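# Fold and geometry: a report
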Amino acid sequence: MNYCSHCGSAQLILTVPEGDTIPRCVCSECHTIHYQNPKIVTGCLPEWEDKILLCKRAIEPRYGLWTLPAGFMENNETVSQGAVRESWEEARANLEQLSLYVMISLPYISQVYMMFRAQLCDLTFAPGPESLEVRLFTQDEIPWEKIAFPVIQRTLTYYFQDRATGQFPLHVSEINR
Ligand code: ZN
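Summary of the structure given here. (Residues numbered from 1 in each chain as written. Predicted model: local features only at pLDDT ≥ 70, side-chain atom pairs only at ≥ 80, totals over all residues. Heavy atoms only, no water.)

### Some thoughts on the environment of Lys39
By the secondary structure assignment, Lys39 is in strand 4 (residues 39-48). For the pair Lys39 and Ile109, spaced 70 residues apart in sequence, the C-alpha separation works out to 9.1 Å. In contact with Lys39, other than residues within four places in its own chain, are Phe72, Ser110, Gln111 and Val112. (Helix = DSSP H or I, 4+ residues; strand = E, 2+ residues; numbered from the N terminus. Contact = heavy atoms within 4.5 Å.)

Right, dumping it as structure tokens:
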């Protein structure tokens, strides 16, 4: 951060505010403390019979690689609303029966992924502006070498392991650099 988002001053210093334990960016003009906290990424693992819907990314990073529909949560929405919204934006997918399935912390980039299992309502999915292609994959068809992010790879791994047993417990884990 180069300028105070409250008063526009460039007089920002990194300091531990009184009563705090962590260095914060503090404006020396208006004294606003600019807290920076982790972001939540929310998304879905859309199911249709024995297939999973993946999106081929039309944006950087990882252009041309495959991912599950997911993105940053917006203000004033719930986590599941965010997952439904992202699935529509990226895959034009209509989903129901959302069930929280994976929560993965990525402390090195200060993000938390929250991924829901969800049922596709129909087969009217299509690429949104951020996707080159959207299609269903059976387990054997999953392009494991072309999955965009480790967190998505792990989510898919949990899913196919669990599908073998028919039990889908919530998985809470972390990925470090
Ligand atoms: Zn300021």
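### Digging into the state of the cysteines
Taken as a whole and assessed by the stated rule, the structure comprises zero disulfides. Cys44 supplies the cysteine sulfur nearest to Cys121, a cysteine that is in no disulfide, at a spacing of 11 Å. Exposure remark for Cys121: the relative accessible area of 35% places this residue in the partly exposed category. (Disulfide = S-S within 2.5 Å. Buried < 20%, exposed > 50% of the residue type's maximum accessible area, 1.4 Å probe, protein only.)

### Focus: the sheet that holds strand 3 (residues 33-34)
Strand order in the open sheet formed by three strands is 1-2-3, with antiparallel pairing between adjacent strands. Each of the sheet's edge strands pairs with one partner strand only, and the pair in question is strand 1 (12-15) and strand 3. Across two bridges, the pairing between strand 2 (residues 24-27) and strand 3 is antiparallel. Residue pairing for strand 3: Cys25 is matched across the bridge by His34. (Pairing = 2+ DSSP bridges.)

### Examining the pattern of salt bridges
One pass over the structure, following the stated rule, counts seven salt bridges. The salt bridge partner of Lys51 is Asp50, with a shortest N-O separation of 3.7 Å. Lys51 sits in the partly exposed class, given a relative accessible area of 24%. A salt bridge links Glu89 to Arg85; its shortest N-O distance comes to 3.2 Å. (Salt bridge = Lys/Arg side-chain N within 4 Å of Asp/Glu carboxyl O.)

### Details of unusual backbone geometry
With an omega of 0°, the peptide bond running from Glu60 to Pro61 counts as cis. Tracing the chain through its elements places Pro61 in the loop between strand 5 (51-57) and strand 6 (66-67). Its identity as a non-glycine residue notwithstanding, Asn76 has a phi of 65°, on the positive side. Mapped onto the elements, Asn76 comes out in the loop between strand 7 (70-72) and helix 1 (79-91). On the accessibility criterion, Asn76 (82% relative accessible area) is exposed. A positive phi angle is found at Arg92, which is not glycine, with a value near 50°.

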